[in-house]
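# Observations on the three-dimensional arrangement
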Amino acid sequence: MDILTVLPSSFGYVIFTYLYSWIMLGYLAVKVGGARKKYNVQYPTMYSDKEQVFNCIQRAHQNTLEVYPQWLLFQTIAALVYPLSAAVLGAIWVTSRFSYAWGYYTGDPAKRMRGAYGYIGYFGVIFLSISVALQLLGVF
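Residues numbered from 1 in each chain as written. Predicted model: local features only at pLDDT ≥ 70, side-chain atom pairs only at ≥ 80, totals over all residues. Heavy atoms only, no water.

### Re the packing of helix 2 (residues 11-39) against helix 3 (residues 52-81)
When two helices pack together, you describe them by how their axes are tilted relative to each other and by the distance separating the axes. The test is simple: The axes used here are C-alpha line fits, helices contributing only the stretch in contact, and every angle between their N-to-C directions lies in the interval 0 to 180 degrees. Per the convention used, a helix needs a DSSP run of H or I reaching at least four residues, while a strand needs a run of E reaching at least two, with both numbered from the N terminus. In what follows, roughly perpendicular refers to angles from 65 to 115 degrees, roughly parallel to angles under 35, roughly antiparallel to angles over 145, and oblique to any angle outside these ranges. The hand of a helix crossing depends on one turn: near helix anticlockwise from the far one by less than a right angle means left-handed, and clockwise means right-handed. The classification used treats Ala, Val, Leu, Ile, Met, Phe, Trp, Tyr, Cys and Pro as nonpolar, Asp, Glu, Lys and Arg as charged, and all other residues, Gly among them, as polar.
Viewed as axis vectors pointing N to C, helix 2 and helix 3 meet at an angle of 165°, and their least axial separation amounts to 10 Å. Regarding the angle of helix 2 to helix 3, the classification is roughly antiparallel. Crossing handedness for the pair helix 2 and helix 3: left-handed. Across the contact of helix 2 with helix 3, the residue classes tally to 21 nonpolar, seven polar and two charged.

Quick look at the structure:
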């Protein structure tokens, strides 16, 4: 069975969303690496006792990594049936992680909420995944 005949053609947009998320994760990781040098926080130390801005940069990356596996799962489930909607919702979530991080990078943790619009994308793929589950169970 050829995967190209199983997946809808618009699943290609979802793949680009995954690639976009990979770029985002790489960007956040590079920012932490640069902050380690700037604020002299050596590995394996996760957080600084002295540098609040470093901690904000680290938390932006760490928080994204904490939610990323769940997002990937729901993104994939939603995309199997609703590829275009999932791609749009995924792009919203990934873009919001940049806004979240840039707000956090200011050193004022409250400004991370600039990325709160990402909940549209995150909960969107969760709701679509629930829809897929209900359809598989014959509920609708």
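### Brief notes about the nonpolar core
Filter applied, for reference: Remark: nonpolar core denotes a set of buried residues (Ala, Val, Leu, Ile, Met, Phe, Trp, Tyr, Cys) joined through side-chain atoms within 4.5 Å. For every residue, the accessible area (1.4 Å probe, protein chains only) is compared with the maximum for its type, and the residue is labelled buried under 20%, exposed over 50%, or partly exposed between those bounds. Any pair of residues with heavy atoms lying within 4.5 Å of one another is described as a contacting pair.
Membership of the largest hydrophobic core comes to 33 residues, with the highest contact counts inside it found for Met-24, Trp-71 and Trp-93. Those elements that place two or more of their residues in this core are helix 2, helix 3, helix 4 (83-104) and helix 5 (118-136). For Trp-93, the residues in contact, after removing those within four places along its chain, are Met-24, Thr-64, Val-67, Tyr-68, Trp-71, Gly-118, Gly-121 and Tyr-122.

### Overview of the pattern of salt bridges
Under the convention used in this document: We define a salt bridge as a side-chain nitrogen of Lys or Arg found within 4 Å of a carboxyl oxygen belonging to Asp or Glu.
Overall, the coordinates contain one salt bridge when judged by the stated rule. A salt bridge links Glu-66 to Arg-59; the shortest N-O distance between them is 3.1 Å. For Glu-66, a relative accessible area of 38% puts it in the partly exposed group. By relative accessible area, which is 25% here, Arg-59 ends up partly exposed.

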